[in-house]
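Examination of the molecular architecture
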Amino acid sequence: ENLGIHERRITKENECTSDMASHAAKRAILDSGLDVLDIELIIVATATPDRPAPSTACIVQEKIGANNAAAFDVSAVCSGFLFSLSIASQYLKSKMFKKILLIGADNFSKITNWSDRNCIFFGDGAGAVVLQNSEDCGILAQRIYSDGRGKFKFTVPSGGSENPIDSKVLLDKSNFFLMDGKSVYETGTKVLPKAIHQVLNDAKLSISDIDLLIPHQPSLKTLKKTSEIIGLPWSKVMVNMNKYANTAGATIPLLLDQVNKSKKIINGSKILMAAVGSGWTYGSLILRW
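What comes next concerns the included structure. Being a predicted model, the structure only gives us computed values, none of them experimental.

Examining empty space enclosed by the protein
As enumerated under the stated definition, the model contains two cavities of 30 Å³ or more in all. The computed volume of the largest cavity comes to approximately 130 Å³. Along the wall of the largest cavity there are 14 residues; nearest its centre are C78, F154, V184, H216 and V276. Grouping the amino acids of the lining of the largest cavity by side-chain chemistry returns 10 nonpolar, four polar and no charged. Quantified by volume, the second largest cavity comes out at close to 60 Å³. Lining the second largest cavity are L192, I196, L213, P215, H216, P218, L223, T226, A274, A275 and V276. Those elements that place two or more of their residues in the lining of the second largest cavity are α5 (181–202), β8 (212–215), α6 (220–230) and β9 (270–277). Sort the elements by how many residues they give to the lining of the second largest cavity and β9 lands first, with three residues. Of the residues contributing to the lining of the second largest cavity, the split by class is nine nonpolar, two polar and no charged.

Examining the side chain of S55
Structurally, S55 is set in the loop between β1 (41–45) and α2 (56–64). Within the local environment of S55, its side chain forms a polar contact with the backbone nitrogen of C58, the two atoms lying 3.1 Å apart. Other than its neighbours up to four places away in sequence, S55 contacts A71, F72 and D73.

Quick word on the nonpolar core
In terms of nonpolar packing, the biggest core is built from 28 residues, with L131, I214 and M273 touching the most fellow members. Among the secondary structure elements, those contributing two or more residues to this core are β1, α3 (80–94), β3 (100–106), β4 (125–131), β8, α8 (251–261), β9 and β10 (281–288). By residue number, the principal contributor to this core is α3, which donates six residues. When neighbours within four sequence positions are excluded, M273 is seen to be in contact with L82, L213, I214, I252, L256, G283, S284, L285 and L287.

A short note on the sheet that holds β3
Reading across the sheet, the four strands line up as β2-β1-β3-β4 and stay open at both edges, with mixed pairing between neighbours. Only two strands of the sheet have a single neighbouring strand rather than two, namely β2 (70–74) and β4. Pairs of neighbouring strands in the sheet enclose a mean axial angle of 15°, with direction left out of account. In terms of strand pairing, β3 meets β4 through seven bridges, oriented antiparallel. Paired with L102 across the strands is V129, a residue of β4.

Some words on the layout of surface pockets
Gaps between atoms show up when a probe of the same size as a water molecule is rolled over them. Here the largest pocket defines a volume of roughly 1600 Å³. In this structure, the largest pocket is lined by 47 residues; those nearest its centre are A128, V129, V130, L256 and W289. Volume-wise, the second largest pocket comes out at about 860 Å³. Lining the second largest pocket are 32 residues, with A47, P49, I111, V156 and S158 positioned closest to its centre.

Description of the environment of N2
With respect to the helices and strands, the residue N2 is situated in the segment before α1 (17–32). Its relative accessible area of 48% is what places N2 among the partly exposed residues. Counting along the chain gives 218 residues from N2 to L220, while the straight-line C-alpha distance between them is 6.1 Å. If near-sequence neighbours (up to four positions away) are discounted, N2 is found in contact with S219, L220 and K221.

Each value, and the rule that gives it
Residues numbered from 1 in each chain as written. Predicted model: local features only at pLDDT ≥ 70, side-chain atom pairs only at ≥ 80, totals over all residues. Heavy atoms only, no water. 1 Å grid on protein atoms, 1.4 Å probe; cavity = no way out; pocket = protein on both sides within 12 Å on 5 of 7 lines; lining within 4 Å. Points joined across faces, edges and corners; volume = space filled by probe spheres on them. Nonpolar A, V, L, I, M, F, W, Y, C, P; charged D, E, K, R; others polar. Helix = DSSP H or I, 4+ residues; strand = E, 2+ residues; numbered from the N terminus. Polar contact = N/O pair within 3.5 Å; in protein donor to acceptor, adjacent residues only side chain to side chain. Contact = heavy atoms within 4.5 Å. Core = buried A, V, L, I, M, F, W, Y, C linked by side-chain atoms within 4.5 Å. Buried < 20%, exposed > 50% of the residue type's maximum accessible area, 1.4 Å probe, protein only. Pairing = 2+ DSSP bridges. Axes fitted to C-alpha atoms, helices over the stretch in contact; angles between N-to-C directions.

Rendered as structure tokens:
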């Protein structure tokens, strides 16, 4: 009732983040009309990399045959796609890279303790976009933020250099994520409106100018409260967590693709995106389609 999740997708035991990311990448490149060798940079936003090293982006590069592309990962959890988009947009602006593949992919079922009540939040997924410069459309305003004071409200305590994997970690299951759900809700309903108001101000737009909100999917309750605070009709808030749950870094590109293919987006549409993730990390942007 509070989360709005009816079903989700879970990867197979031998299926990893790069597998989902590669499928999404191939489809995005096909939709773009480009060849895979046209891609000059690959960015993967993920909190669940295949391995600590190398980057999942490098693994994806090899799997799809994008041999001309540089590749690296971005770690900002549920805000990862927006953080990656802010990086990619600067590369496009400087013309260092002209064709960028940006992927959001997460495989949270592999770091979920299924006996914990918070296991209900996440599903696995990946989404991808191909970015190029355009005179007719693009980002009108964007902001990203971080607040390290919330760093342990959502965390994976073990598996890094602080607490390497050992028998005690496996026994305690501290290599799975831990979450303070109340803090996530309270933070989300505070920082999402803040970021949204800031980009509206930057773009010299009002909330009535926005055609669609494509947000990260923390919970139905969080999204409804956010839409109420910013004054955006619920009919303009796009949701897919009923079918896919919270897919973390994959959420926004997955939802963007679904909304676009449902013909809800037309040329000139002003699309608002917003996300909050572990760290805390959060941000928002306005895109003219």
